[in-house]
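Examining the three-dimensional arrangement
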Amino acid sequence: MSVEAFYAAIGGNFEGMMARMRSRERVLRFVRRFPMDGSFALLESSLEKGEEREAFRAAHTLKGVCQNLGFDRLYRVSAELTEALRPGAMRMENVPELMEKTREGYRQVVEAIALMED
């Protein structure tokens, strides 16, 4: 799959990334690093342990990484999850559903990255 097809498949913004990165190779290099980012794993483990502040921090980091990479669909759901976990605003009743949406979006992105060509 081409990088353009990748962004279309994940509901991303390839044009925005090209405007920032200015080369297809640079976009590919940053996109391919995404699965190595530990924020999603930290989010899952923090929620399992009931560490709400750490889960918020991990969700916030994931949201920022997705925004920077133009992963718009995953950015939007991780932003909703971040707000549900925000200290002081804790809306934990929404977290299971939002986490499932985030998990699915994350899985989609990682699987699509594996299908990208050079």
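Further up the page is the structure itself.
Bear in mind that the values here come from a model prediction, so they are computed numbers and not experimental data.

When helices and strands are counted, the protein chain shows seven helices and zero strands. Compactness check: the protein chain gives a C-alpha radius of gyration of 14 Å against a globular reference of 13 Å for 118 residues, within 12% of the reference. If you line up the protein chain on its principal axes, its C-alpha atoms span 40 × 25 × 20 Å. Counting over 118 residues, the protein chain shows a buried share of 37%.

For the rest of this paragraph, the subject is the nonpolar core. Formed by 34 residues in total, the largest nonpolar core has its most connected members in Phe-6, Tyr-7, Phe-34, Leu-43 and Phe-71. Residue assignment for this core shows that the elements contributing at least two residues are helix H1 (3–9), helix H2 (14–21), helix H3 (24–33), helix H4 (39–49), helix H5 (52–69), helix H6 (72–85) and helix H7 (95–114).

Time to look at H7. Along an α-helix, residues three or four positions apart point the same way, because every turn accommodates 3.6 residues. Here H7 is 20 residues long and its end C-alpha atoms lie 28 Å apart, about the 28 Å a rise of 1.5 Å per residue gives. Residues Val-95, Leu-98, Met-99, Thr-102, Gly-105, Tyr-106, Val-109, Ala-112 and Ile-113 constitute the buried set of H7. All buried residues of H7 project into a common sector of 160° when viewed along the axis, lining one side. Those residues of H7 that are exposed and aimed more than 90 degrees away from the buried face are Pro-96, Glu-97 and Ala-114. Taken together, the buried residues of H7 touch H1, H3, H4, H5 and H6.

Let us now look at the packing of aromatic side chains. Scanning all chains against the criterion turns up seven aromatic pairs. Aromatic pair Tyr-7 and Phe-14: ring centres 5.8 Å apart, planes at 50°, arrangement tilted. With relative accessibility at 12%, the residue Phe-14 sits in the buried group. Their ring planes at 55° and their centres at 5.9 Å tell us that Tyr-7 and Phe-71 sit as a pair that is tilted. One end of the pair, Tyr-7, is in helix H1; the other, Phe-71, is in the loop between H5 and H6, with 64 residues separating them in the sequence. Judged on exposure class, the residue Tyr-7 and its partner Phe-71 are both buried. Three or more aromatic residues joined by ring pairs make a cluster, and in this case those are Phe-6, Tyr-7, Phe-14, Phe-34, Phe-40, Phe-71 and Tyr-106. Positioned over the ring face of Phe-30 is Arg-33, at 5.3 Å from the centre of the ring.

Relative to the assigned elements, Thr-102 resides in helix H7. Look past the residues within four positions of Thr-102 in its chain and what remains in contact with it is Phe-40, Leu-43, Leu-62, Leu-74, Val-77, Ser-78 and Leu-81.

Rules used in this analysis
Residues numbered from 1 in each chain as written. Predicted model: local features only at pLDDT ≥ 70, side-chain atom pairs only at ≥ 80, totals over all residues. Heavy atoms only, no water. Helix = DSSP H or I, 4+ residues; strand = E, 2+ residues; numbered from the N terminus. Rg over C-alpha atoms; globule rule 2.2 N^0.38 Å. Buried < 20%, exposed > 50% of the residue type's maximum accessible area, 1.4 Å probe, protein only. Core = buried A, V, L, I, M, F, W, Y, C linked by side-chain atoms within 4.5 Å. Expected span 1.5 Å × (residues − 1). Arc of directions from axis to C-beta. Contact = heavy atoms within 4.5 Å. Phe/Tyr/Trp six-rings, centres within 6.5 Å; stacked < 30°, edge-to-face > 60°. Lys NZ or Arg CZ within 6 Å of the ring centre and 35° of its normal.

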